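Given next are the chains, with one letter for each unit.
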Amino acid sequence: MSVKIDEEAQKFGQILQKYREQAKVTQLEIAEAAGLTKNYISSIERGVHKCNAATFIVYAKKCHISLDEMAGLEKLHLITELSQLLSVMDDKQQQKVADIIKIMIR
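Residues numbered from 1 in each chain as written. Predicted model: local features only at pLDDT ≥ 70, side-chain atom pairs only at ≥ 80, totals over all residues. Heavy atoms only, no water.

S.K.: Go over the nonpolar core with me, naming the residues and quoting the values.
M.R.: Side chains of a nonpolar character, in soluble globular proteins, are inclined to be buried together. In terms of nonpolar packing, the biggest core is built from 15 residues, with L16, I30, I41, Y59 and M70 touching the most fellow members. Elements with a contribution of two residues or more to this core: α1 (7-22), α2 (27-34), α3 (38-46) and α4 (53-63). Ranked by residue count, the leading element in this core is α4, at 5 residues. Aside from chain neighbours lying at most four places away, what touches I30 is R20, V25, I41, V58, Y59 and K62. (Core = buried A, V, L, I, M, F, W, Y, C linked by side-chain atoms within 4.5 Å. Buried < 20%, exposed > 50% of the residue type's maximum accessible area, 1.4 Å probe, protein only. Helix = DSSP H or I, 4+ residues; strand = E, 2+ residues; numbered from the N terminus. Contact = heavy atoms within 4.5 Å.)

Here you go:
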C-alpha cells in the first residue's frame, strides 16, 4: 500500500529535519519532548504526517530557534521592521538607505 505524501508537508518536514540535525538533536529527543514516538517524528519529517503546533513548538525549543525563523518568517519580520524605520525618515534619508542597499546587493 502506497502512502500519499503531501508536498507542502514534505517540504516542511525537511525544514524541521534540517534544523534538528543542525542543532544535533535526535528524533528520539524530539519525540520524548513531544510525547510522541520516534517513528511518528520520522513520519513528520518525511511528510507522511503533518506537524501540529505543539510539536512545532517542541522542535523550536529543542533546536533553540525562534518560531518565526523555523517557519521561515524572519525575513517578513525584517521587512516590517525596515518599513517602520523608513516611515519616520524624510525623503532624503530614505534615498540614502536605498542607495546603501543597492551598493550592498551588487
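S.K.: Account for unusual backbone geometry, naming residues and giving values.
M.R.: For residues that are not glycine, phi is negative in most cases, and the peptide bond is trans in most cases. The phi dihedral of K24 is positive, around 55 degrees, even though this residue is not glycine. One can find K24 in the loop between α1 and α2. Note on K24: relative accessible area 73%, which makes it exposed. At H64, a position not held by glycine, the phi torsion is positive, near 55 degrees. Assignment of secondary structure puts H64 in the loop between α4 and α5 (67-70). Here H64 falls in the exposed class, since its relative accessible area comes to 72%.

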